[in-house]
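Examination of the molecular architecture
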Amino acid sequence: MNTFLFLIYPYIALSVLFLGSIARYDRDPFTWKSSSSQLLRTTQFRIGSILFHVGILTIFFGHLVGLFTPLPLLAAMGIGHEAKQILAMVVGGVAGLAAIVGGAILFHRRWTDPRIRINSSFADIAILGLLLAQLLLGLFTIFISAQHLDGEEMVKFMHWAQGIVIFRPVPVDQIASVSIIFKLHIFLGLTIFLLVPFTRLVHIASGFFAPLRYLFLRPGYQLVRSRRSKPLPPRTDSDVAKARIAAAKRPTAAE
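An account of the accompanying structure is given in this report. Keep in mind that this is a model prediction, so the values were computed, not measured.

**Description of the packing of aromatic side chains**
Evaluated as defined, the whole model comprises 7 aromatic pairs. Grouping aromatic residues by their ring pairs yields a cluster made of Phe4, Tyr9 and Phe187.

What follows is the structure, encoded as structure tokens:
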């Protein structure tokens with residue numbers, strides 16, 4: 001079970017995340033959106049959305065920095081394992097509470113308002129529920145971490161995450177002894193990554209890649225792909241002539 005959770009499942013989830021997102025953008029670019037319902041219950045939406053997104057983004061970048069910063073760099077900066085863990089607990093706790101409050105407001109709004117509920121798919125409600133469950137698990141890990149402030153368990157996760165990214169995974173038995181709360185937190189987080197291409201969460205990537213698209217692609221152009229199985233027949237000279245005659249016969253605005 002530990003081998004699957006810490007060694008096999010991460011590569012499954014990340015592969016589906018990247019390849020699935022690329023496939024969705026290539027095949028269904030017009031579904032690459034959050035399907036916002038912000039015109040309904042605007043005050044509730046605004047408060048919940050700000051709290052949720054600020055909290056989630058803080059947690060995301062906190063995990064990114066916390067897991068992938070090289071240990072020698074932390075040592076050179078004079079940041080010890082204990083200080084790093086306490087900082088992660090404080091910042092993660094505040095951001096987690098903000099995200100849970102905001103997510104609960106959004107979930108209540110989407111679940112109880114009939115006008116919003118009828119325009120919400122099962123995936124919309126389910127993925128928000130999974131995010132709230134993940135946030136709760138993240139808060140529970142703070143209580144586990146408070147029992148050992150030496151930061152050694154956090155170092156285990158840093159080695160594990162960095163090993164996965166560089167395709168040199170650490171031996172599974174080094175992190176197999178962590179609390180079940182951490183294991184559930186990792187499993188649910190990877191599952192959310194796996195579901196991203198199939199839900200509205202796919203729009204998150206736009207915030208990271210949209211600037212690159214406008215820098216390196218021609219601005220002002222929109223690529224549209226046809227779903228025709230066969231190309232249209234080539235236009236002949238007579239087709240062009242008929243189109244010109246029809247255009248000439250159309251009444252102008254002055255007429």
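**Topic: a nonpolar patch on the surface**
Among the surface-exposed residues, Leu57, Phe60, Phe61, Leu64, Val65, Phe68, Val165 and Ile166 lie close enough to one another that they form a single nonpolar patch of about 700 Å² accessible area. Sorting elements by how many residues they give to the nonpolar patch places helix 2 (residues 42-68) first, with 6 residues. You can see leucine 64 is positioned in helix 2.

**Concerning the packing of helix 2 against helix 6 (residues 122-145)**
At a minimum axis distance of 13 Å, the contact between helix 2 and helix 6 shows a crossing angle of 55 degrees. In terms of orientation, helix 2 lies oblique with respect to helix 6. Note on packing geometry: the crossing formed by helix 2 with helix 6 is left-handed. In contact with Phe52, Ile56 and Ile59 of helix 2, helix 6 contributes Leu128, Leu131 and Leu135. Here the contact of helix 2 with helix 6 is composed, by residue class, of 6 nonpolar, no polar and no charged.

**Considerations on the nonpolar core**
Within soluble globular proteins, side chains that are nonpolar tend to cluster in buried spots. Of all hydrophobic cores here, the largest spans 20 residues; its most connected members are Phe52, Leu106, Leu131, Leu135, Ile192, Val196 and Leu201. Top element by residues in this core is helix 6. It accounts for 7 residues. Val172, Val178, Ile186 and Leu190 belong to the second largest nonpolar core, which has 18 residues in total.

**Concerning the pattern of salt bridges**
For the coordinates displayed, the defined rule picks out 2 salt bridges. Note that arginine 200 is salt-bridged to aspartate 124, the shortest N-O span being 3.1 Å. Taken together, the residues span a long stretch of sequence, with arginine 200 in the loop between helix 8 (180-195) and helix 9 (204-216) and aspartate 124 in helix 6 at a distance of 76 residues. Each of the two residues, arginine 200 as well as aspartate 124, counts as buried.

Cut-off values and rules
Residues numbered from 1 in each chain as written. Predicted model: local features only at pLDDT ≥ 70, side-chain atom pairs only at ≥ 80, totals over all residues. Heavy atoms only, no water. Phe/Tyr/Trp six-rings, centres within 6.5 Å; stacked < 30°, edge-to-face > 60°. Patch = residues over 30% accessible without salt bridge, like charges linked within 9 Å, V, L, I, M, F, W, Y side chains within 5 Å. Areas by Shrake-Rupley, 256 points an atom, 1.4 Å probe, with all protein chains shown as cover. Salt bridge = Lys/Arg side-chain N within 4 Å of Asp/Glu carboxyl O. Helix = DSSP H or I, 4+ residues; strand = E, 2+ residues; numbered from the N terminus. Axes fitted to C-alpha atoms, helices over the stretch in contact; angles between N-to-C directions. Parallel < 35°, antiparallel > 145°, perpendicular 65-115°, else oblique. Left-handed = near helix turned anticlockwise from the far one by under 90°. Contact = heavy atoms within 4.5 Å. Nonpolar A, V, L, I, M, F, W, Y, C, P; charged D, E, K, R; others polar. Core = buried A, V, L, I, M, F, W, Y, C linked by side-chain atoms within 4.5 Å. Buried < 20%, exposed > 50% of the residue type's maximum accessible area, 1.4 Å probe, protein only.

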